[in-house]
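These are the residues of each chain, in order.
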Amino acid sequence: MFPKRLTEGYQSFLKGRFPGESSRYQALGETGQSPETLIIGCCDSRVSPEVIFDVGPGELFVIRNVANLVPPAETDSESSYHGTSAAIEFAVNGLKVKNIVVLGHASCGGIRAFYDDAEPLSKMDFIGKWMSQISPVAARLGGSTGDRATDLKRLELAVIEQSLANLLTFPSIRRRVDAGELVLHGAYFGVATGVLFVRDPASGQFAPCLENPAG
């Protein structure tokens, strides 16, 4: 049986939000999508870009995976399947998005598992292989600060930096960035606090998006 919570949520959607946005859905169905922003976020259930940014249908193109990782562009591994890279390619070359936001977050389970060198969840260890991309990031950070919470946040922010760097290994992205047609952004969401930090491209530092988030 289909999950009851989803059925109830869909009924609420049909009675509430859908009637007010039916014309938008119809237009999107007939003319297609044209979002200006691609969000690359974590698949963590607590970090929904559509909720955080309070957007409607058709406004964001969203890619979600464990730990909001962007692998480097690869052209010599024909036998591999690159879901994240394929979606990035579609957003950049097909939809011509103007912004790409790598959205990391606090309390990331994938990054915590890497940090703790957790046991594989299955014999195939898909997560372990995926998270191995973090190894060079952790190596560049060096040893522990002596505080677990500080170490985890430092690694979460560094992963955002690495994903931004890997985006520039895609020739089409590099070309559009250099031409001023595409801008890359880093952001970090505090799950418990609701505070959104954005990366200053000049300094690489993260600061609250709003001076008074609570207001």
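Identification of the protein as Carbonic anhydrase from Bordetella ansorpii is taken from an unreviewed UniProt entry. Here is the UniProt Sequence similarities (unreviewed entry) comment for the protein, exactly as written: "Belongs to the beta-class carbonic anhydrase family."

## Focus on the packing of aromatic side chains
The full count for this structure, using the stated rule, is 6 aromatic pairs. Measuring from centroid to centroid gives 5.6 Å for Phe13 and Phe18, while their planes differ by 55°, and the two rings are tilted. When its relative accessible area of 24% is taken as the criterion, Phe13 is described as partly exposed. One aromatic cluster in this structure is built from Tyr10, Phe13, Phe18 and Tyr25. Taking the ring centre of Phe197 as reference, the NZ or CZ of Lys153 above it sits at 5.2 Å.

## Some thoughts on the pattern of salt bridges
Taken as a whole and judged by the stated rule, the model has 10 salt bridges. Between Lys4 and Glu8 there is a salt bridge, and its shortest N-O distance comes to 3.8 Å. Note that Lys4 and Glu8 are positioned in helix H1 (residues 4–15) at a spacing of 4 residues, about one turn of the helix. With a relative accessible area of 60%, Lys4 lands in the exposed category.

## Notes on the nonpolar core
Ranked by size, the top nonpolar core spans 24 residues in total, and within it Leu38, Ile40, Ile88, Val97, Ile100, Leu167 and Ile173 carry the most contacts. Broken down by secondary-structure element, the contributors of at least two residues to this core are strand S1 (37–42), strand S2 (60–65), helix H4 (83–94), strand S3 (99–105), helix H8 (148–167) and strand S4 (183–189). Residues in contact with Ile40, not counting those within four places in the same chain, are Ile63, Asn68, Val70, Ile88, Ile100, Val101, Val102, Leu103 and Leu167. Ala67, Cys108, Ile134 and Val159 belong to the second-largest nonpolar core, a separate cluster that totals 11 residues.

## Some points on the packing of H1 against helix H2 (residues 17–31)
As a packed pair, H1 and H2 sit with axes 4 Å apart at the nearest point and diverge in direction by 70°. Relative to H2, H1 is oriented roughly perpendicular. On H2, the residues that touch Ser12, Phe13, Leu14 and Lys15 of H1 are Arg17, Phe18, Pro19 and Tyr25. Class assignment for the residues of the contact of H1 with H2 results in 5 nonpolar, 1 polar and 2 charged.

Reading guide: rules and limits
- Residues numbered from 1 in each chain as written.
- Predicted model: local features only at pLDDT ≥ 70, side-chain atom pairs only at ≥ 80, totals over all residues.
- Heavy atoms only, no water.
- UniProt positions renumbered as here; feature names shortened; annotations may be inferred.
- Phe/Tyr/Trp six-rings, centres within 6.5 Å; stacked < 30°, edge-to-face > 60°.
- Buried < 20%, exposed > 50% of the residue type's maximum accessible area, 1.4 Å probe, protein only.
- Lys NZ or Arg CZ within 6 Å of the ring centre and 35° of its normal.
- Salt bridge = Lys/Arg side-chain N within 4 Å of Asp/Glu carboxyl O.
- Helix = DSSP H or I, 4+ residues; strand = E, 2+ residues; numbered from the N terminus.
- Core = buried A, V, L, I, M, F, W, Y, C linked by side-chain atoms within 4.5 Å.
- Contact = heavy atoms within 4.5 Å.
- Axes fitted to C-alpha atoms, helices over the stretch in contact; angles between N-to-C directions.
- Parallel < 35°, antiparallel > 145°, perpendicular 65-115°, else oblique.
- Nonpolar A, V, L, I, M, F, W, Y, C, P; charged D, E, K, R; others polar.

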